[in-house]
Amino acid sequence: MVETADEEIERLEAERHSYSETFRNTSETDAITRAHLQSEMDRRTARIQELQQHQPLGFFARWGLRGASLALLWGAWEIGPWWAKVGCVLLAAFLAFYSLG
């Protein structure tokens, strides 16, 4: 089963919390274990930040892109030169594809 981004973030936060508790209960004289725990917490924090940066587009952003795509298709119908029509159609296809992701 594949995790969604939200599920992975939730799992990583739980793991990071567990490492944090272990880190807090580890003696300050045990530098190797503390360094390992800190490294694991840092890795999970970095992955959480990476996942949060790649959140999908919101509802209004998706529909805005779809609306722009439709406007470009209408523009392709109205514009005279063939190269402008091709450009509008390609840009409309790109925006429509991007709005799905």
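Computed from a predicted structure; not experimentally measured.

### Details of the nonpolar core
The nonpolar side chains of a soluble globular protein tend to be buried, and buried together. L65, L72, A76, C88, A92 and L95 form the largest nonpolar core, which has six residues in total. Within the residue set of this core, elements represented by two or more residues are helix 3 (59-78) and helix 4 (82-100). The residues contacting A76, other than those within four sequence positions of it, are K85, C88 and V89.

### A word on the pattern of salt bridges
Oppositely charged side chains can form a pair if their charged atoms are brought close together. This structure, assessed with the given rule, holds nine salt bridges. Among the ionic pairs, E21 bridges to R24, the shortest N-O distance being 3.1 Å. Here the residue E21 and the residue R24 both occupy positions in helix 1 (residues 5-24), the gap between them amounting to three residues, near one helical turn. Residue R24 is classed as exposed on the basis of its relative accessible area of 56%. Via salt bridges that share partners, E3, E8, R11, E15, E40, R43, R44, R47 and E50 belong to a single interconnected network.

### Re the packing of aromatic side chains
Taken as a whole and assessed by the stated rule, the structure comprises two aromatic pairs. Arranged with centres 5.2 Å apart and planes meeting at 80°, the rings of F59 and F60 form a pair that is edge-to-face. For F60, a relative accessible area of 71% gives the class exposed. Between the aromatic rings of F59 and W63, the centroid separation amounts to 6.4 Å while the plane-to-plane angle is 55°, which identifies the pairing as tilted. Here W63 and F59 lie together in helix 3, a separation of four residues that amounts to about one turn. Three or more aromatic residues joined by ring pairs make a cluster, and in this case those are F59, F60 and W63. A cation over an aromatic ring shows up here: R34 above the ring of F23, its NZ or CZ 4.0 Å from the ring centre. In this structure, R66 is placed above the aromatic ring of W63, and the distance from its NZ or CZ to the ring centre is 4.6 Å.

### Topic: the packing of helix 1 against helix 2 (residues 31-53)
With their axes 9 Å apart at the nearest point, helix 1 and helix 2 run at an angle of 160° to one another. Viewed along their axes, helix 1 and helix 2 adopt a mutual orientation that is roughly antiparallel. Between helix 1 and helix 2 lies a crossing of left-handed hand. Facing A5, E8, I9, L12, E13, E15, R16, Y19, S20, T22 and F23 of helix 1, the residues of helix 2 in contact are R34, L37, Q38, E40, M41, R44, T45, R47, I48, L51 and Q52. Class assignment of the residues belonging to the contact of helix 1 with helix 2 gives a composition of nine nonpolar, five polar and eight charged.

The rules we used
Residues numbered from 1 in each chain as written. Predicted model: local features only at pLDDT ≥ 70, side-chain atom pairs only at ≥ 80, totals over all residues. Heavy atoms only, no water. Core = buried A, V, L, I, M, F, W, Y, C linked by side-chain atoms within 4.5 Å. Buried < 20%, exposed > 50% of the residue type's maximum accessible area, 1.4 Å probe, protein only. Helix = DSSP H or I, 4+ residues; strand = E, 2+ residues; numbered from the N terminus. Contact = heavy atoms within 4.5 Å. Salt bridge = Lys/Arg side-chain N within 4 Å of Asp/Glu carboxyl O. Phe/Tyr/Trp six-rings, centres within 6.5 Å; stacked < 30°, edge-to-face > 60°. Lys NZ or Arg CZ within 6 Å of the ring centre and 35° of its normal. Axes fitted to C-alpha atoms, helices over the stretch in contact; angles between N-to-C directions. Parallel < 35°, antiparallel > 145°, perpendicular 65-115°, else oblique. Left-handed = near helix turned anticlockwise from the far one by under 90°. Nonpolar A, V, L, I, M, F, W, Y, C, P; charged D, E, K, R; others polar.

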